[in-house]
Amino acid sequence: MNLSDSQTGGSVPRRVSAMEAVLTHLRGAIERGSYAVGDKLPSEAELCRTLGVSRPVLREALRALQTMGLTVSRTGRGTFVVARSVEDPTFGDYAASDLMEVRRHIEIPVAGYAARRRTPEDVERLTGLLERMERETDTTAWVALDTLFHLSVAQAARNPVFRRVIEEIRDALARQSAFLNELGGRREHSDREHRALVEALAEGSEEAAVRAMSHHLDRVETTLTDIVRSAPTPTGADA
């Protein structure tokens, strides 16, 4: 079996990376019971050979399985199945549901405060970050900029406690962002949502800023929910 780039179904097909194809295959095998809870997955070498993918691609897929809570990696022993279905992905130290709950209670009011208190320098910094994100093609670099963007919004709110909270969950935000971009194709959507927020901040509109951040988090949660409910199913695969 060889897995490579293919396309998902739907009205607007999206390219499915080799990593997504591998993840779909392994997740499906676990959910069907081909690998039962407690089973050890085949070795990386065997999986690479069977699926026809490189080790870096396989390792990304294995990390995603672990984030979804389906497997655990035990040093020197391998990867083991610990759940048959995805319940609540974990990003670093925090469950996705907990992270989203906190983000709604913190980042939505932060956006409103930022609209009232931002300085011209804040708007210039955020605009510059957004322009870099829109040009960036490397996912890792984009994720770093995304996290910095949200920190900068908190900075514009002029309350150090807000920034400290965002700092605390910074690693989880980065992990969540990378996960959603890899499996949900979120990058371009995020850029547009961020631009709407920057425009609201530039106008000094608290209402528009709150609306923009609320919409952004709604879309993040919807994408996360879609990924959890079912993995994308490639329509074909070739070498």
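What counts and how
- For every chain, the first residue of the written sequence is number 1, and numbering continues from 1 onward in sequence order.
- In keeping with the model being predicted, local features are shown solely for residues with a pLDDT of at least 70 and side-chain atom pairs are shown and tallied solely at 80 or more, while totals for entire chains, interfaces and linings include all residues.
- Only hydrogens and water are removed before side-chain values are computed, so all heavy atoms of the structure are retained for them.
- Strands here mean DSSP runs of E at least two residues long; helices mean DSSP runs of H or I at least four residues long; both are numbered from the N terminus.
- Only protein chains enter the accessibility calculation, which uses a 1.4 Å probe. A residue is then buried if its area is under 20% of the maximum for its type, exposed if over 50%, and partly exposed in between.
- Residue contacts are counted whenever heavy atoms from the two residues lie within 4.5 Å of one another.
- Shrake-Rupley sampling with a 1.4 Å probe provides the accessible areas, and residues are treated as covered by the protein chains on show and by no other component.
- We count a salt bridge whenever a side-chain nitrogen from Lys or Arg sits within 4 Å of a carboxyl oxygen from Asp or Glu.

Caption draft 1: Representation of the overall build of the chain within the structure. Helix and strand counts for the chain stand at 10 helices and 6 strands. Classification of the 239 residues of the chain by burial places 45% in the buried group. A separation of at least 24 residues holds for 69% of the contacts in the chain among residues at least 6 apart in sequence. Carbon and sulfur atoms make up 47% of the accessible area of the chain, which totals about 12,000 Å².

Caption draft 2: Local environment of unusual backbone geometry. One non-glycine residue, Arg-158, lies in the positive phi region at around 60 degrees. Relative to the assigned elements, Arg-158 resides in the loop between α6 (139-156) and α7 (160-168). Under the relative-accessibility criterion, Arg-158 is labelled partly exposed at 38%.

Caption draft 3: Representation of the pattern of salt bridges. Applying the stated criterion across every chain yields a total of 15 salt bridges. With a closest N to O distance of 2.8 Å, Asp-122 and Arg-158 form a salt bridge. With Asp-122 in helix α5 (residues 120-135) and Arg-158 in the loop between α6 and α7, the pair connects residues that are 36 residues apart, well separated along the chain. In this structure Asp-122 comes out as buried when scored by relative accessible area, which is 2%. The residue Glu-134 makes a salt bridge to Arg-195 at a minimum N-O spacing of 2.9 Å. With a gap of 61 residues between them, Glu-134 in helix α5 and Arg-195 in helix α9 (residues 187-203) connect regions that are remote in the sequence.

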